[in-house]
Amino acid sequence: MYRLILGIVIAAGVAGAGCGRDTAFEPASAVDRFPRLSHAQWEATVQDLFGLPEPSGLSSTFQPDPQLGRFDNNIARLGVTSGLWQDYQRAAELIAARVATDSTLLAKIVPEPATAQIRDIVTTFGLRAFRRPLKEAEIERYVGLFDGAAAVFPEHAPLTAGVRLMVQGMLQSPFFLYRTELSTAVVEGAMPLDGYEVASRLSYLFWSSMPDRELFAAAQAGELADAEGVRRHASRLFDDPRTREQFRRFHYQAFSIAEYADLDKDPILFPAWRREIGGMMQEEILRFLDGVITADGGVADLLTSTKAYVNADLAKIYDLDGTFGADYQEVELDPATRAGLLTRAGFLARNATLEDPDPIHRGVFINLDVLCRTISAPPDIPDVLERTGNTNRERVDSITGQGTCGEGCHHTVINPIGFAFESFDAVGAYRTSDRGFPVDTAATYKFADGRTITYGNAVELSQQLAKTPEVHGCYTTHLLEFMLGRDVLRADREVLDRLAEQSLAERLSIKELVLTVVSTNTFRARSLDVRSPR
Amino acid sequence: MINRRRFLQGLGGVAVALPFLESVRWGSRATAAVPTRRIYSMFIRQGNGVQQAGYGGELERFWPKATGLLTKGSLAVTDPDRTLAILSDYGDKLTLVRGTRFGFPGNGCGHSGGLNQCLTAANLTGEGKDTLASGMSVDYFIASRVNAPGIEPLTLMSGPQSAYLAHGLSYSGPGQLRGARNNPFAVYSNLMGLAGSPELRQQIATRRKSVNDLVRTEMGDLLGNPDLSTTDRDRLDMHFQSIRDLEVGMACVLADDKVQAMQDIATVFEANEHRIKVADFMLELTALAFACDATRTGSLQIGTGNDGTRYYVNGVLQNTFHRISHRIDSDGAEGAAIPNADLLHHGIDKIFAGIFKRFLDRLSAYPGPNGGTLLDDSVVLWTNDLANGPPHSYGNIPQVLAGGAGGFLKTGQYLDASTPTGMTTHNKLLNTIINAVGIRNEDGSYYDRFGDPALARGVLGAMIK
């Protein structure tokens, strides 16, 4: 049943009431093998590679990547332009100079200067920089750099000069800047990545950085050659505190949380509003999402949990009794009015005007980003339309509801979702009336395949969405995109179908979903069709 | 050092000799296709249209009353109530062009459709916020013809990187959207290059060469891989082509207090309150980059795709520009009316005119390579991805140019590019700019085919002397 529905959702081409199409897949194509490090990955990798006490901060001066794809690790974004090459060159020179003049950093690369062998330095540092053992020709090339180093860095001892030039070179090497996947052996119909390549996939997935000592050791020992070994190490990485930051990054992008910043509200209607509250709402929702993961929660919990993390400003919006300060403290929200992330202040305030809730944008967001339902772009804006009605809902309905030009998309797809949240005002506080009239939050939503759900309010809607295959399919699709650093392909369908089904039927936790993915060939192997150029 | 700084700040009033490496760069790229004169170009984009007549009963507050001759100071006399009067001091160096339109309709989002074609004149792919241009943008095209090999156009933005519609102005090819730098301090760091004695810089060049050679070998190994996907190959090839040896160049240096001011906002440059300041910094850096010939073209996008900046008008922080441009308190088509929204939009247009004027001031303060000011040897365009507020039309796009491009352009005029059959597609304006920087067809005739091949070819002859 679930698979059948998901198949319909994902298979493409099922139009919903003349409003867009539902498709989640790019055409099948060769999978790119050389993702460049994102700027965040570059920063974390350099910090780990040299053991810097703080991030270098140099990536903040890099040429930004264009906004293509949903996530900043999407390979479509990650080219090296001449401007970025120059940035890399400058950064490599600055880091190399710092290493050469900082005895602590230098000692990490050359622990015993008196007895150090250049070849050993290259081999040891090179393995960590390239995240794999160097080939003989590569070792020779970098050893060769030491020869002329003293002439170009006369201010250093010859060995230090060589290290400086080596670092300068390795940080500009494609084997540092890209996560190269070079395996070519075919085993049982797949092209498995080697242990070091799997190690990098894992470390960049969980930490946005290079493998740690233990992961390198596992790669060398062949422990990452089978699904069980990968899963075991992935489980360790997942439980590392650094992974929390990575999933904050995932949710931040998946749910457009960046847009909560810089919100403004009408100062007369909302005298307590300050711009800083937008940032607090970001923190609140990220703590909430993190909390669900930490408690081994799953997709359904994202939509139903009443746990929240609030400070004094947010407590007022949630109408909570008690004493609150600047710190965030865990509370339970009223289950009669709040359920999961869609009833949180950040989402509600972001999708509101200065004065009123914005049911259209609330509805559009949930359709696009929670249900992964494609909605046709709206027509160019018409002349200002005359709105009628007492409440915000009635006014919106008067120009987009039945019998208007908005009937196709708004009346059946967008508004029914948005109207469920009319009980939350422009800052996300609960309300029962609007301009003196009772709010109406009941609606019926029609899915692309014609199924319908009926609900009385946002809590009921959230609870029904938590049981909806499309919601699980959407979250797991985004998760896979993020984990693989690329758009999903037709070849991923089987894995996605399985993930969505397990998420819904077995209530798999987010951690389990992640571990399920890393155990698949999708994660551990290159697909065979990559051998044919597009 | 002080001399050079003064020169670069345009304060010294006397041009000093270019450092030796400058001449090395130019000597190394003599090909027939490269224009012989150094002409600079810059493309500045405002979003959300301008307040001009054409919607409802709104009055004309942007264009001058009559087409024809403009002289220094004339706009302040003839059209003091119009946005463009702010540029009155440069009347003799302006070319105001009404009557152009975009060639293709938007795909469900006027902003995105306009943003993606205003510098490309290309048709669009995708829809809504996922719209992309199916062609190269004019800044990149010009850079590929007039810059030293591998030197890209400056690609700048004032505003956040991540948004519903983010940067969408500059393309290196069909669908190949480029990232824009939005941190002025980072732009400066990149421009500044290396200072120091010729001996020191030569030493740096030597060690860079040894590293570059090694990296080229490694890139060659990767590119020799037999089963690369096309996109992998393209990506690696672009990287390979980016590796340059002679990148020591002339140091571009700003005064310390200016650098400090950029550094002061180096972590908050995306904030609403810094939008105008960042735009000014970016254009100051552009003038610097032109003055030291680090690049000869670029673009600046001010605000996101549907610029949601809250600007101050009459000393009051207003609703978002996007909503003002819709005249309602909503990013969509329905919402409560914003009182006097047309006047607020006009107020914001004047802010942009002020940004543009300060850029012209800056260009005028530097000596140009051909004897006049840098502005005289430039052509700079202030354009928009829409014509107006509602209804977000693509007809009569505000096209405001300044600079004579070394005498190529007939400046000091306000002209109407429309013909008896309607408005002229703006690819002809872009073609004219392309010719202004010295690019021609191989037979020496005017270059006339930038943009989508479906568009009528040609230049705007009335703009040319």
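Please read all numbers here as calculations on a predicted model, not as lab measurements.

Undergrad: Can you break down the overall build of chain B residue by residue, with the values?
TA: Each helix and strand in chain B was counted, giving 13 helices and 14 strands. In terms of C-alpha radius of gyration, chain B reaches 22 Å, essentially the compact-globule figure of 23 Å for 465 residues. Overall size of chain B, expressed as C-alpha extent along the three principal axes, is 65 × 55 × 50 Å. For chain B, the proportion of its 465 residues judged to be buried stands at 58%. Sequence separation of at least 24 residues holds for 67% of the intrachain contacts in chain B that already meet a minimum separation of 6.

Undergrad: Describe in detail the domain arrangement of chain B, supporting the description with residues and values.
TA: With domains assigned, chain B is organised as domain 1 (40–179 + 296–463) and domain 2 (196–248). Relative placement of domain 1 of chain B and domain 2 of chain B: their C-alpha centres are 36 Å apart.

Undergrad: Mind laying out the interface of chain A and chain B, listing which residues take part and the relevant values?
TA: Taken together, the contact pairs 55 residues of chain A with 64 residues of chain B. Taken together, the elements giving at least two residues each to the side of chain A that touches chain B come down to helix H3 (82–101), helix H6 (136–152), helix H7 (158–170), helix H8 (174–177) and helix H18 (392–400) of chain A. Counting residues per element, the side of chain A that touches chain B draws most heavily on H3 of chain A, which supplies five residues. Partitioning the side of chain A that touches chain B into residue classes produces 25 nonpolar, 17 polar and 13 charged.

Undergrad: A description of the pairing of strand E1 (residues 40–46) of chain B should follow, citing residues and the corresponding values.
TA: Residue and element names in this part refer to chain B. In terms of burial, E1 is a largely internal element, seven of the seven residues being buried. What you see with E1 is no split at all: Tyr40, Met42, Ile44 and Gln46 on one side and Ser41, Phe43 and Arg45 on the other are buried throughout. Alignment of E1 against strand E11 (residues 378–384), held across seven bridges, turns out to be parallel. Each bridged residue has a counterpart across the sheet, and for Phe43 the counterpart in E11 is Leu381.

Undergrad: Account for unusual backbone geometry, naming residues and giving values.
TA: Of note, the amide linkage connecting Pro390 of chain B to Pro391 of chain B takes the cis form, showing an omega dihedral of 5 degrees. Take Pro391 of chain B: it is sitting in the loop between E11 and strand E12 (399–402). We note that Ser256 of chain A has phi near 50 degrees; this positive angle belongs to a residue other than glycine. You can see Ser256 of chain A is positioned in the loop between helix H12 (241–254) and helix H13 (276–294). Notably, Asp296 of chain A is not glycine yet its phi reads approximately 60 degrees, a positive angle. Tracing the sequence through the fold places Asp296 of chain A in the loop between H13 and helix H14 (299–304).

Undergrad: A description of the domain arrangement of chain A should follow, citing residues and the corresponding values.
TA: Domain boundaries in chain A define domain 1 (39–177) and domain 2 (247–465). Computed from C-alpha atoms alone, the centre-to-centre distance between domain 1 of chain A and domain 2 of chain A is 46 Å.

Undergrad: Mind laying out the nonpolar core, listing which residues take part and the relevant values?
TA: Grouped together as the largest cluster of nonpolar side chains are 118 residues, with contacts concentrated most on Phe356, Ile434 and Val437 of chain B. Ile434 of chain B has contacts with Val138, Phe141, Ile142, Ile439, Tyr447 and Phe450 of chain B, leaving out every residue within four places of it along the chain. Phe247, Phe255, Ile360 and Leu504 of chain A belong to the second largest nonpolar core, which has 104 residues in total.

Undergrad: Before we move on, could you go through the packing of helix H11 (residues 227–239) of chain A against helix H23 (residues 510–519) of chain A and cite the residues and values that matter?
TA: All names here are of chain A. Between H11 and H23, whose axes approach to 9 Å, the crossing angle comes to 145 degrees. Classified by chirality, the crossing of H23 by H11 is right-handed. Side by side, H11 and H23 meet where Ala227, Val230, Arg231, Ala234, Ser235 and Phe238 of the first sit next to Lys511, Val514, Leu515, Val518 and Ser519 of the second. A per-class count over the contact of H11 with H23 returns seven nonpolar, two polar and two charged.

Undergrad: So what about the sheet that holds strand E8 (residues 297–302) of chain B? Which residues, and what values?
TA: All names here are of chain B. Strand order in the open sheet formed by eight strands is E2-E13-E3-E12-E11-E1-E8-E7, and the pairing between neighbours is mixed. Here the strands that pair on one side only, and so sit at the sheet edges, are strand E2 (68–69) and strand E7 (154–158). Pairing geometry for E11 and E12, over three bridges, is antiparallel. Counted as the bridge partner of Val380 is Ala402 from E12. With respect to the sheet, helix H10 (residues 275–291) is in contact with E1, E7, E8 and E11, its orientation differing from that of E7 by roughly 165 degrees. Where helix H12 (residues 341–365) meets the sheet, its contacts fall on E1, E11 and E12, and the angle it forms with E11 comes to roughly 170 degrees.

Undergrad: Before we move on, could you go through the confidence of the model for chain A and cite the residues and values that matter?
TA: When pLDDT is averaged along chain A, the result is 89, and 91% of the positions lie at 70 or above. Low pLDDT, under 50, characterises residues 1–17 of chain A; the predicted model gives this stretch 44 contacts beyond four residues in sequence or across chains.

Undergrad: Account for the environment of Ile151 of chain B, naming residues and giving values.
TA: Along the chain, Ile151 of chain B turns up in the loop between helix H5 (138–146) and E7. A C-alpha to C-alpha distance of 31 Å links Ile151 of chain B and Ala456 of chain B, two positions 305 residues apart in sequence. Apart from residues no more than four positions distant in its own chain, Ile151 of chain B is found in contact with Ser82 of chain A together with Ala143 and Thr295 of chain B.

Undergrad: Could you give an account of the pairing of strand E6 (residues 443–446) of chain A, with specific residues and numbers?
TA: Along E6 of chain A, the buried face is formed by Ala443 and Tyr445 of chain A; none of Thr444 and Lys446 of chain A, which line the opposite face, is buried. Hairpin connection of E6 of chain A to strand E7 (residues 452–455) of chain A: five residues between the antiparallel strands, including Gly450 of chain A at a positive phi of 100 degrees.

Undergrad: Tell me about the environment of Ile277 of chain A, and please be specific about residues and values.
TA: Residue and element names in this part refer to chain A. The topology assignment puts Ile277 in helix H13. Residue Ile277 is classed as buried on the basis of its 25 C-beta neighbours within 10 Å. Along the backbone, Ile277 and Ile510 are 233 residues apart, and their C-alpha atoms lie at a distance of 29 Å.

What counts and what doesn't
- Residues numbered from 1 in each chain as written.
- Chains lettered and ligands numbered in written order.
- Predicted model: local features only at pLDDT ≥ 70, side-chain atom pairs only at ≥ 80, totals over all residues.
- Helix = DSSP H or I, 4+ residues; strand = E, 2+ residues; numbered from the N terminus.
- Rg over C-alpha atoms; globule rule 2.2 N^0.38 Å.
- Buried ≥ 20, exposed ≤ 12 C-beta atoms within 10 Å, placed from the backbone.
- Contact = placed C-beta atoms within 7 Å.
- Domains from an automatic or database assignment.
- Nonpolar A, V, L, I, M, F, W, Y, C, P; charged D, E, K, R; others polar.
- Pairing = 2+ DSSP bridges.
- Core = buried A, V, L, I, M, F, W, Y, C linked by C-beta atoms within 7 Å.
- Axes fitted to C-alpha atoms, helices over the stretch in contact; angles between N-to-C directions.
- Left-handed = near helix turned anticlockwise from the far one by under 90°.
- pLDDT = per-residue confidence, 0-100.

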